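Examining the three-dimensional arrangement
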Amino acid sequence: MGDGSRKILIAVDASEASEYAFRWAMEHVVRKGDHVVVLSCAFVPHLFSFGSFAFQDDWKKNMNEVTQKCEENLTKLRIIAEEAGIDVTSETRAGDPREEIPQYAESIHADFLVVGSAGNTREAKLSHKLKEGVRMLTLLEEPHNMGSVSNHVITHCKVPTMVVRKVHGKKYEFSGKDLSYAV
């Protein structure tokens with residue numbers, strides 16, 4: 001795109017944090033003349049069974065439901081971009097978003113990638129407590145600032161990537177606290 005326009009990839013799921021990142025990018029990153037590609041990954045982990053196809057049928061049903069939800073969400077986000085006068089396309093890819101997002105960004109030669117992060121990933125830590133003279137080990141879970149998908153994407157994607165984290169309690173009001181990382 002030698003005319004000064006950029007190809008901006010915005011990777012989304014159906015979460016509120018993801019929609020927040022999309023809206024944030026539309027307001028702060030995307031300019032008139034840019035082409036926005038909105039990507040959603042339909043992912044249902046395989047459950048293997050020994051000689052039974054029952055799980056496979058359930059997996060297919062779940063995958064179809066997840067794909068349909070992805071498509072519905074993409075339609076909503078495409079309308080938002082179109083109403084803003086932005087050239088937009090969308091794509092649903094089947095697979096783990098940690099792998100699909102970086103691969104897709106590189107395959108379409110995106111100039112920039114935006115992903116959201118709910119920061120729901122938990123890190124397990126052991127805590128030693130003394131209770132009634134007995135030492136006890138307790139497993140504590142502490143939230144990260146980034147989720148596992150966004151963390152994987154920024155460490156594996158060759159395209160410049162921005163992670164937008166929804167500040168707790170905010171709907172679509174933006175501030176400098178929204179930007180977690182820019183790589």
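Moving on, we get to the overall build of the protein chain. A tally of regular secondary structure across the protein chain gives four helices and eight strands. Expressed as a percentage of its 183 residues, the buried residues of the protein chain come to 39%. Taking contacts inside the protein chain between residues at least 6 apart in sequence as the whole, the part at least 24 apart equals 69%. A total accessible area of about 11,100 Å² is found for the protein chain, and carbon and sulfur atoms account for 52% of it.

A few words now on the state of the cysteines. Under the defined criterion, the tally for this structure stands at zero disulfides. Unpaired in terms of disulfides, Cys41 finds its nearest cysteine sulfur in Cys70, a separation of 7.7 Å.

Mapped onto the fold, Arg165 is located in strand β7 (residues 161-165). Classification of Arg165 as partly exposed rests on a relative accessible area of 26%. Sequence separation of Arg165 and Ser117 is 48 residues, and the distance between their C-alpha atoms is 4.8 Å.

The biggest cluster of nonpolar side chains holds 22 residues, and the ones touching the most others in it are Ile8, Ile10, Phe22, Val36 and Val38. Of all the elements in the fold, those that place two or more residues in this core are β1 (7-12), α1 (16-28), β2 (35-42), α2 (54-83), β4 (112-117) and β7. No other element matches α1, which puts six residues into this core. Not counting residues within four places of it along the chain, the set of residues in contact with Ile8 comprises Val29, Val30, Asp34, His35, Val36, Val37, Phe112 and Val114. Of all hydrophobic cores here, the second largest spans 17 residues; its members include Ala11, Ile101, Ala105 and Ile154.

Among the eight residues that make up β2, eight are buried, leaving the element largely enclosed by the rest of the structure. Burial along β2 is two-sided: His35, Val37, Leu39 and Cys41 facing one way and Val36, Val38, Ser40 and Ala42 facing the other are all buried. With six bridges connecting them, β1 and β2 associate as parallel partners. Among the inter-strand pairings, Ala11 is bridged to a residue of β2, identified as Leu39. With respect to chirality, the unit in which β1 leads through α1 into the neighbouring parallel β2 is right-handed. For β2 and strand β3 (residues 87-94), the ladder comprises eight bridges, and the chain directions are parallel. Note that in β3 the partner of Ser40 across the bridge is Thr92.

What follows is about the environment of Asn151. Structurally, the position occupied by Asn151 is in helix α4 (residues 148-156). By relative accessible area, Asn151 is classed as partly exposed at 38%. For the pair Asn151 and Ser117, spaced 34 residues apart in sequence, the C-alpha separation works out to 8.8 Å.

So, on to the side chain of Ser117. If you trace the backbone, Ser117 turns up in strand β4. Engagement of the side chain of Ser117 in a polar contact is seen with the side chain of Ser150, the distance being 3.4 Å.

What counts, and where the lines are drawn
- Residues numbered from 1 in each chain as written.
- Predicted model: local features only at pLDDT ≥ 70, side-chain atom pairs only at ≥ 80, totals over all residues.
- Heavy atoms only, no water.
- Helix = DSSP H or I, 4+ residues; strand = E, 2+ residues; numbered from the N terminus.
- Buried < 20%, exposed > 50% of the residue type's maximum accessible area, 1.4 Å probe, protein only.
- Contact = heavy atoms within 4.5 Å.
- Areas by Shrake-Rupley, 256 points an atom, 1.4 Å probe, with all protein chains shown as cover.
- Disulfide = S-S within 2.5 Å.
- Core = buried A, V, L, I, M, F, W, Y, C linked by side-chain atoms within 4.5 Å.
- Pairing = 2+ DSSP bridges.
- Right-handed = clockwise from strand over helix to strand, strands pointing away.
- Polar contact = N/O pair within 3.5 Å; in protein donor to acceptor, adjacent residues only side chain to side chain.

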